[in-house]
Amino acid sequence: MKVLVTGAGGFIGKNLIAELNRRDDVEVLPFDVETPAERLEDYCKECDFVFNLAGINRPEHVEEFMEGNFGFATTLVDTLKKYGNTGPIVNASSIQAALDNPYGRSKKAGEDMMFAYGKETGASVYVYRFPNVFGKWCRPNYNSAVATFCNNIARDLPIQVNNRATVMHLVYIDDVVEELLCAMEGRPHVNEAGYCYVPVEHETTLGEIVDLLYSFRESRRNLMIPDMTEGSFSKKLYSTYLSYLSEDAFAYPLLMHADDRGSFTEILKSADRGQVSVNILKPGITKGNHWHHTKNEKFLVVSGKGLIRFRKYSSSEIIEYTVSGDKLEVVDIPTGYTHSIINVGDNDLVTLMWCNECYNPDSPDTIYELVEVKNHE
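The following paragraphs examine the structure supplied in this document. (Residues numbered from 1 in each chain as written. Predicted model: local features only at pLDDT ≥ 70, side-chain atom pairs only at ≥ 80, totals over all residues. Heavy atoms only, no water.)

Section: a nonpolar patch on the surface
On the surface, a nonpolar cluster with roughly 300 Å² of combined accessible area is contributed by Ile225, Tyr252, Leu254 and Leu268. On the secondary structure map, isoleucine 225 appears in the loop between helix H7 (206-222) and helix H8 (233-242). (Patch = residues over 30% accessible without salt bridge, like charges linked within 9 Å, V, L, I, M, F, W, Y side chains within 5 Å. Areas by Shrake-Rupley, 256 points an atom, 1.4 Å probe, with all protein chains shown as cover. Salt bridge = Lys/Arg side-chain N within 4 Å of Asp/Glu carboxyl O. Helix = DSSP H or I, 4+ residues; strand = E, 2+ residues; numbered from the N terminus.)

Here's what the structure looks like:
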């Protein structure tokens, strides 16, 4: 299938083309403002499907709204008609088409023209009224508050919020692309008014978005990861935020608690999934010799050779597990068992540790007791 994508260099166009290029059965015909105008003739002659994503939303002069939105769409369908090409066409519009402003009127004119074209030629026409679209590769300081806030907060630049209570309706770029591909396959979501829509939409406020973004920036210090529930707004916004990091700021330091025994470093924390840490032991060193009432852990030795020892409370029997980076194996640390880990190798013992709760100094749930004690009352 030969797929014409206008607005190929734009936010939605780049993301859509990146997905289309993964398909062996699709040839992308990209058209953008820098593409020679005569190329549109060739593309309209041979294409099997059209995504019209081209448009103008921040022109220097008001009249450019109508020229860039209605005018180009008209040129596009006239060229398709010239070659008798009645393949399906997706037209990207905006919820602002319902508003009486220059941009909205230009998008509404484009919609009406597209619907008329469909009736005249019999071509399948899918008109999408997109709300705010967010995601990677959206241009900051242009027409997206989310992109601007992500960019500025990620780079420690100031932002301006006029009204925190402003309600935002947003769709994520991956959900948009998935829906556009559904349309290409002839199964778009269509509402009662005849407009197509992205079925996954998020409603929030400007203030909530800003608070989330600042919490993402703070997570490098407090190590708390946001809600990563599948489909959640915070998961999608966090992925978007990361894409705006300065390229010299991908890495960030961690606080290493180091002494002559080795080091202990927390990596990630979660309000409901505990924390992940890395523990490094020097040869011959033992750590642990404590047990927990409710706190539980998982140990994974990734380098070196170690011995994990257990003794159940009120028992004298010692249980031993030999662990090594040569064989990755998770060892559960059950409650009620005093335990220790010993570096029995010649090199550093590196252990990845997960605990079901973040450390709370006011309630550590850690009771000191040697594993080696044989007689316990």
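Still to come is the rest of the account.
A look at H7
Here H7 is 17 residues long and its end C-alpha atoms lie 24 Å apart, about the 24 Å a rise of 1.5 Å per residue gives. Where H7 bends most, the angle comes to about 30°, and this point is phenylalanine 216. Within the sequence span of H7, burial applies to Leu206, Gly207, Ile209, Val210, Leu213, Phe216 and Ser219. Where the residues of H7 are buried, they touch helix H5 (145-154), strand S7 (167-172), strand S8 (202-205) and H8. Two residues or fewer after H7 comes leucine 223, characterised by a positive phi angle close to 70°. (Expected span 1.5 Å × (residues − 1). Bend = angle between axes of the 7 residues up to and from the residue. Buried < 20%, exposed > 50% of the residue type's maximum accessible area, 1.4 Å probe, protein only. Contact = heavy atoms within 4.5 Å.)

Thoughts on the pattern of salt bridges
Taken as a whole and judged by the stated rule, the model has 24 salt bridges. With its nearest N and O atoms 2.9 Å apart, the salt bridge here joins aspartate 156 to arginine 217. Separated by 61 residues along the polypeptide, aspartate 156 in the loop between H5 and S7 and arginine 217 in helix H7 bring together distant segments of the chain. Given a relative accessible area of 57%, aspartate 156 falls into the exposed group. In this structure, glutamate 369 engages arginine 311 in a salt bridge whose closest nitrogen and oxygen atoms are separated by 3.1 Å. Residue glutamate 369 is found in the segment after strand S19 (367-368), and its partner arginine 311 is found in strand S14 (residues 305-312); the two are separated by 58 residues along the sequence. Several salt bridges converge on common partners, so that one network encompasses Arg23, Glu185 and Arg187.

Structural notes on the environment of valine 33
Position of valine 33 relative to the elements: it lies in the loop between strand S2 (27-31) and helix H2 (38-46). Residue classification places valine 33 among the exposed residues on the basis of a relative accessible area of 78%. With 23 residues separating them along the chain, valine 33 and glycine 10 place their C-alpha atoms 9.9 Å apart.

A closer look at the sheet that holds S7
Spatially, three strands are ordered S6-S7-S8 in an open sheet, and the strand pairing comes out mixed. Across the chains shown, the open sheet's two edge strands, defined by having one partner strand only, are strand S6 (132-134) and S8. On average, each strand axis in the sheet is inclined to that of its neighbour by 45°, with strand direction left out of account. Of the pairings in the sheet, the one linking S7 to S8 comprises four bridges and is antiparallel in character. When the bridges of S8 are listed, methionine 168 appears paired with threonine 204. Contacts from H7 reach S7 and S8 within the one sheet, and its direction differs from that of S8 by about 85°. (Pairing = 2+ DSSP bridges. Axes fitted to C-alpha atoms, helices over the stretch in contact; angles between N-to-C directions.)

Some words on the packing of aromatic side chains
Across all of its chains, the model carries eleven aromatic pairs by this definition. For the ring pair tyrosine 128 and phenylalanine 130, a centre distance of 5.5 Å and an interplane angle of 15° mean the geometry is stacked. This pair shows no difference in class: tyrosine 128 is buried, exactly as phenylalanine 130 is. Each ring, one from phenylalanine 134 and one from tyrosine 172, has its centre 5.2 Å from the other, and the planes form 45°; the classification is tilted. Separated by 38 residues along the polypeptide, phenylalanine 134 in strand S6 and tyrosine 172 in strand S7 bring together distant segments of the chain. The pair phenylalanine 134 / tyrosine 172 is uniform in exposure class, with both members buried. Put simply, the rings of Phe134, Tyr172 and Phe233 pair up and form one aromatic cluster. Over the face of the ring belonging to tryptophan 137 we find lysine 136, whose NZ or CZ atom lies 4.8 Å from the ring centre. (Phe/Tyr/Trp six-rings, centres within 6.5 Å; stacked < 30°, edge-to-face > 60°. Lys NZ or Arg CZ within 6 Å of the ring centre and 35° of its normal.)

Focus on the side chain of glutamate 266
For glutamate 266, the position within the fold is in strand S10 (residues 262-270). You can call glutamate 266 buried: its relative accessible area is 17%. A distance of 3.2 Å separates a polar atom in the side chain of glutamate 266 from a polar atom in the side chain of lysine 269. One polar contact links glutamate 266 to glutamine 275, side chain to side chain, over a distance of 3.3 Å. With near-sequence residues (within four places) excluded, glutamate 266 lies in contact with Leu223, Leu254, Gln275, Val276, Ser277 and Tyr359. (Polar contact = N/O pair within 3.5 Å; in protein donor to acceptor, adjacent residues only side chain to side chain.)

Quick look at helix H6 (residues 173-184)
For H6, spanning twelve residues, the distance from its first C-alpha to its last is 16 Å, which sits close to the expected 16 Å at 1.5 Å a residue. Summarising burial for H6: ten of the twelve residues are buried, a large majority. Within the sequence span of H6, burial applies to Ile173, Asp175, Val176, Val177, Glu179, Leu180, Leu181, Cys182, Ala183 and Met184. Glycine 186 sits one or two positions beyond H6 and adopts a positive phi of about 80°.

Quick notes on the packing of H7 against H8
At their nearest, the axes of H7 and H8 sit 10 Å apart, and the two run at 60° to each other. With respect to their mutual orientation, H7 and H8 come out oblique. You can see that H7 and H8 cross each other, and the crossing is right-handed. For the pair H7 and H8, the contacting residues are Ile209, Leu212, Leu213, Phe216, Arg217 and Ser219 in the first and Phe233, Ser234, Leu237, Tyr238 and Tyr241 in the second. Looking at the contact of H7 with H8 residue by residue, the class counts come to eight nonpolar, two polar and one charged. (Parallel < 35°, antiparallel > 145°, perpendicular 65-115°, else oblique. Left-handed = near helix turned anticlockwise from the far one by under 90°. Nonpolar A, V, L, I, M, F, W, Y, C, P; charged D, E, K, R; others polar.)

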